[in-house]
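Working through the structure, step by step
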Amino acid sequence: MDRVLTNLKMVTMQPEAGYQVIEDGMIGIEGGKIIFAGNASHEDLHGHPDVVDCHGALVTPGLIDCHTHLIFAGNRAKEFEQRLNGVPYEEIAKAGGGILATVRATREASEHELYELAQQRLLGLKQDGVTTVEIKSGYGLTLSDELKMLRVARRLGELNDIKITTTLLAAHALPPEFAGRGDEYIDLVCEQIIPAAADEKLADAVDVFCEGIGFSPEQCQRVFTAAKQHGLTIKGHTEQLSNLGGSALAARMGATSVDHIEYLDNEGVAALAACNTVATLLPGAFYFLRESQQPPIDQLRQLDVPIAIATDFNPGTSPIASLRTMMNMGCTLFRLTPEECLRGVTTHAAQALGLQETRGQIQIGMDADLAIWNIENPAELSYCLGVPDLVARVVDGHLFPAHQETANAY
Ligand code: NIG
Ligand code: FE
């Protein structure tokens, strides 16, 4: 074993009884993988080159934020302020505000600028014990600007102590130069942007915004077909503002997750269950938009649909870089249990990214991605906000103390 963590409690999040706290635990790591996880054996570790005494801390799988728009330039704070001062949304949009304001700023920004901005935001997620983050494009909306965003996402993963998965979201909004020509923009997405992102290995998955203000189910179906032809995983922003049937369509086409889903109906839930598609809830957007339509939690539970939770970090609907806050909102706004929330940011979040074989559990053979917390009980992760109770993160077996990460910001 390269490294042994001892004197710890752990919550493995394995499918059976994984939420039970195992006292007197020990985790052995070799080659970045977990090779032992269980009660401390009475093996003599004396003289082992790398024993980490966790002083009774609680260890969970590293948290996974499976839905973010972390890369963009500018922000929409002024728009937020204008709206609270009574300026109607339409007026702001006519003056060039909203998502297209972010598209303009992102197109103008260099890769270096985008990198620096996103790296700052990653610090927030790391302080919450996150070890894997999914990052979407979708504020470029041209071939070169979408690839630019994905390159920045890849580089963030290469140069930081956090794992990044990338998702092409060219079908996020209709760019102004294609106004009134949605199908032609989808041609560009399917015929040029998806093939280029796949050829350059810049995207792990392809996402769409299936909505009245986004793209129709027919257009999304074309995007999914092109993505699958290029061997990419598919997922969708679906049923966020209305029920167009995008979730069922995505599920039937093999999507790993459908996200938002406040307006999902029973038929949609049944489709997710039949296709083993993850339902990703985004309580930050629900909160920030003051949405009142609740996602169909009871139906999802009844049909055993795996529920994930993510930040959806973005400048328009969820400017909150805290996965712990999302767990808390999952409980307070959606009445999920702390166990469901922890599963939502570990095993189910891994499944939403198609990574359930290697991440999201403390399990022999899986990646040694862990979060070490100065807490007694896993419910505290959803219960308490703002107290810096993260001791360290472990990514592929490497230890990153939490206080050092704060120091890195200066
Ligand atoms: O996930 N729903 C679509 N897209 C983002 C918001 C994008 C924006 O407003 O900038 C979301 O909520
Ligand atoms: Fe989103």
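Being a predicted model, the structure only gives us computed values, none of them experimental.

Next up on the list: the pattern of salt bridges. As enumerated under the stated definition, the model contains 23 salt bridges in all. Salt-bridge contacts for E184 lead to R181; the nearest nitrogen and oxygen are separated by 2.5 Å. Look at E184 and you get partly exposed, because its relative accessible area is 39%. Overall, the relative accessible area of 33% leaves R181 in the partly exposed class. For R324, the salt bridge goes to D389, with nearest N and O atoms at 2.9 Å. Residue R324 is found in helix α12 (residues 323–334), and its partner D389 is found in the loop between α15 (380–383) and β15 (390–395); the two are separated by 65 residues along the sequence. As far as the burial class goes, R324 and D389 line up, both buried.

With that settled, the discussion passes to a nonpolar patch on the surface. A cluster of nonpolar residues, I213, L241 and L289, forms a patch on the protein surface that exposes about 270 Å² of accessible area. Assignment of secondary structure puts I213 in the loop between β9 (205–210) and α7 (217–229).

This brings us to the environment of K94. Position of K94 relative to the elements: it lies in helix α2 (residues 89–94). Residues K94 and D265 lie 171 residues apart in sequence; the distance between their C-alpha atoms is 33 Å.

By domain assignment, the protein chain separates into domain 1 (3–61 + 361–409) and domain 2 (63–352). For domain 1 and domain 2, the distance between their C-alpha centres works out to 30 Å. Facing the 32 residues of domain 1 at the interface are 24 residues of domain 2. Surface buried jointly by domain 1 and domain 2 totals about 2,200 Å² across both partners, of which 58% is contributed by carbon and sulfur atoms. The three residues of domain 1 that bury the most area against domain 2 are M13, S382 and R393, which together make up 28% of that side's buried surface. At the boundary of domain 1 and domain 2, one finds five salt bridges. Notably, a salt bridge pairs K163 with D369, separated by 2.7 Å at the nearest N-O pair. Here domain 1 is connected to domain 2 by eleven residue pairs in polar contact (both at pLDDT 80 or more). Only β5 (58–61), β14 (370–373), α15, β15 and α16 (402–408) provide two or more residues apiece to the side of domain 1 that touches domain 2. Split by residue class, the side of domain 1 that touches domain 2 holds 19 nonpolar, six polar and seven charged.

For the coordinates displayed, the defined rule picks out six aromatic pairs. Aromatic side chains F72 and Y139 sit 6.1 Å apart centroid to centroid with 70° between the ring planes, which places their arrangement in the edge-to-face category. With F72 in the loop between β6 (63–65) and α1 (77–84) and Y139 in the loop between β7 (130–136) and α5 (143–159), this pair connects stretches of sequence that are 67 residues apart. Exposure remark for Y139: the relative accessible area of 2% places this residue in the buried category. Judged by centre distance (5.2 Å) and plane angle (20°), the rings of F80 and F288 are stacked. With F80 in helix α1 and F288 in helix α10 (residues 283–288), this residue pair connects regions lying 208 residues apart in the sequence. Grouped by ring-pair contacts, the aromatic residues F72, Y139 and F313 constitute a single cluster. Of note, R121 hangs over the ring of F72, and the distance from its end group to the ring centre comes to 3.7 Å.

The subject of this paragraph is the packing of α5 against helix α6 (residues 182–199). Between α5 and α6, whose axes approach to 10 Å, the crossing angle comes to 30°. Our classification of the angle between α5 and α6 gives roughly parallel. Crossing of α5 over α6 shows right-handed handedness. Residues L143, E146, L147 and L150 of α5 form the contact with α6, whose own contacting residues are Q192, I193, A196 and A197. Here the contact of α5 with α6 is built from residues that sort into six nonpolar, one polar and one charged.

About the thresholds
Residues numbered from 1 in each chain as written. Chains lettered and ligands numbered in written order. Predicted model: local features only at pLDDT ≥ 70, side-chain atom pairs only at ≥ 80, totals over all residues. Heavy atoms only, no water. Salt bridge = Lys/Arg side-chain N within 4 Å of Asp/Glu carboxyl O. Buried < 20%, exposed > 50% of the residue type's maximum accessible area, 1.4 Å probe, protein only. Helix = DSSP H or I, 4+ residues; strand = E, 2+ residues; numbered from the N terminus. Patch = residues over 30% accessible without salt bridge, like charges linked within 9 Å, V, L, I, M, F, W, Y side chains within 5 Å. Areas by Shrake-Rupley, 256 points an atom, 1.4 Å probe, with all protein chains shown as cover. Domains from an automatic or database assignment. Contact = heavy atoms within 4.5 Å. Buried area = accessible area lost by both parts, 1.4 Å probe. Polar contact = N/O pair within 3.5 Å; in protein donor to acceptor, adjacent residues only side chain to side chain. Nonpolar A, V, L, I, M, F, W, Y, C, P; charged D, E, K, R; others polar. Phe/Tyr/Trp six-rings, centres within 6.5 Å; stacked < 30°, edge-to-face > 60°. Lys NZ or Arg CZ within 6 Å of the ring centre and 35° of its normal. Axes fitted to C-alpha atoms, helices over the stretch in contact; angles between N-to-C directions. Parallel < 35°, antiparallel > 145°, perpendicular 65-115°, else oblique. Left-handed = near helix turned anticlockwise from the far one by under 90°.

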